[in-house]
Amino acid sequence: MSLALKLIAQRISLGILMLFAVSILIFVGTQILPGDVAQSILGQSATPESLANLRAELGLNEPAITRYFAWLAGIATGDLGTALTSGQSVSEAIGLRLGNTLFLATVAAVMSVPTAILLGLIAVRFKNRWPDKMISGATLACISLPEFFIGYLLILVFGVKLGWFPTVATVYEGMPFGDRLQAVVLPAVTLTLVVLAHMMRMTRAAILNVMQSAYIETAELKGLAAFKIIWKHALPNAVSPVVNVVMLNLAYLIVGVVVVEVIFVYPGMGQYLVDHVAKRDVPVVQACGLVFAAIYIGLNLVADIVSVLSNPRLRHPK
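Quick look at the structure, then.

Cut-offs used in this document
Starting afresh in each chain, residues are numbered from 1 along the sequence in its written order. Note on the predicted model: pLDDT of at least 70 is required for a residue's local features to be given, and 80 or more for side-chain atom pairs to be given and counted; whole-chain, interface and lining totals, by contrast, use all residues. Water and hydrogen atoms were dropped before computing side-chain values, which therefore reflect all heavy atoms in the structure. By definition, any uninterrupted DSSP run of H or I lasting at least four residues is a helix, any uninterrupted run of E lasting at least two residues is a strand, and each is numbered from the N terminus. Each residue is assigned to one of three classes by its accessible area relative to the maximum for its type, calculated with a 1.4 Å probe on protein chains only: buried under 20%, partly exposed between the two thresholds, exposed over 50%. Only heavy atoms enter the contact rule, under which two residues are in contact if any of them lie within 4.5 Å. For every accessible area listed, the method is Shrake-Rupley and the probe measures 1.4 Å; residues are considered covered only by the protein chains on display. A helix is expected to reach a length of 1.5 Å times the quantity of its residues less one. Note that bend, as reported per residue, equals the angle between axes fitted to the 7 residues terminating at that residue and the 7 residues originating from it. The pairing test for Phe, Tyr and Trp rings, Trp by its six-membered ring, is centres within 6.5 Å, and the orientation test on the planes gives stacked under 30 degrees, edge-to-face over 60, and tilted for anything in between. Placement of a positive charge over a ring is assigned whenever Lys NZ or Arg CZ falls within 6 Å of the ring centre and within 35 degrees of the normal to the ring plane. Polar contacts, as used here, are pairs of N or O atoms within 3.5 Å; protein pairs need one atom able to donate a hydrogen and one able to accept it. Residues neighboring in sequence count only if both atoms are side-chain atoms.

In this section: the overall build of the chain. For the chain, the count of helices and strands is 16 helices and 0 strands. For the chain, with 318 residues in total, the buried portion stands at 39%. At a minimum sequence separation of 6, the contacts of the chain that also span at least 24 residues come to 73%. For the chain, the accessible surface area stands at approximately 16,800 Å², while carbon and sulfur atoms represent 67% of it.

Have a look at this one:
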């Protein structure tokens, strides 16, 4: 087995181990929360007998270790449990909500990734000149503002004042693609502005590091245009760090949508999680936390694998 394949196998093994550790943290965190789940479901007027019956029905009288492995066995078979407040299958509810979240994250990624790379290339081309300073200043200003401020500002300007886009991002099954796209424009722009600066500055830094190489100087001596050198010679050799930062920000687009979804009342995973945290619906909170963790670890794993495959020293060891 080559060194690259060994490194990929190690990354995958570590990813699985990390997900297992996260599942333990999620389960323990939900179990040590103050209050009584049965009491929060039945209310303050519940009798001791009804509380005892509900605890027995939910398996709350079982030892924590038994409940954890029962939960883990359910996850292995695709059963994430049943919502305590609605009796609905958590797997089915998350399937619909996750699709909405992935659609929003995909739209934001399509907007942010090419824009960030293009702005990074322009910043490198005009290093330390006014385009570079303007791009850096504008993107840093955006990342310095919290998501809720940017979201409410976009709602005020483009939703209330101009009326171009809906202020509430309502989507439903069977909705036409054009209407769905229009509904998510404002939350997608909010997410784009949040992650744009990080991706742009890391792209700029990675390309500038490559620009110090000898083959770049050779290309300059041959008389190639500056932007052509950056696009055809510097960018391909800066793929590894660029892919890493893109994957990290894509993970944020999916995992960090909670605030944005709440602001725009978007029916995604973040809104679903917040609604059931307020209801103390433990199975839903556990399932959402595990899904978010799996997506985050998975995207970081993809970034690691791409880095290994794009590094010739690992693909062709001495």
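Anyway, onward from the coordinates.
For helix α4 (residues 64–76), built from 13 residues, the straight-helix expectation of 18 Å at 1.5 Å per residue is met to within 8% by its first-to-last C-alpha distance of 18 Å. Of the residues one or two after α4, Gly78 is the one with positive phi, at around 85°.

Another point: helix α7 (residues 147–161). Counted at 1.5 Å a residue, the expected span for α7 with its 15 residues is 21 Å, and the 20 Å between its end C-alpha atoms agrees. Along its length, α7 shows its largest kink, about 25°, at Ile155. Of the residues making up α7, those classed as buried are Glu147, Ile150, Gly151, Leu154, Ile155 and Gly159. Phi turns positive, to about 70°, at Gly163, one or two residues after α7.

Let us look at the packing of aromatic side chains. All chains considered together, the criterion is met by 4 aromatic pairs. Between Phe27 and Tyr68 the ring centres are 5.4 Å apart and the planes differ by 65°, which places this aromatic pair in the edge-to-face class. Here Tyr68 lies in helix α4 and Phe27 lies in helix α1 (residues 3–31), a separation of 41 residues in the sequence. For the pair Phe27 and Tyr68, a shared accessibility class is recorded, and that class is buried. Aromatic pair Phe103 and Phe177: ring centres 6.0 Å apart, planes at 85°, arrangement edge-to-face. Residue Phe103 is located in helix α5 (residues 90–125), and its partner Phe177 is located in helix α8 (residues 177–183); the two are separated by 74 residues in the primary sequence. Under the relative-accessibility criterion, Phe177 is labelled exposed at 57%. Members of the aromatic cluster, joined through ring pairs, are Phe27, Tyr68 and Phe69. Across the ring face of Phe103, the terminal group of Arg180 is positioned such that the distance to the ring centre comes to 5.4 Å.

Along the chain, the position of Thr101 falls in helix α5. Among the polar contacts listed, one links the side chain of Thr101 to the side chain of Glu261, at a separation of 2.8 Å. What Thr101 contacts, discounting residues up to four positions off in sequence, is Ile254, Val257, Glu261, Tyr266, Gly268, Met269 and Gly270.

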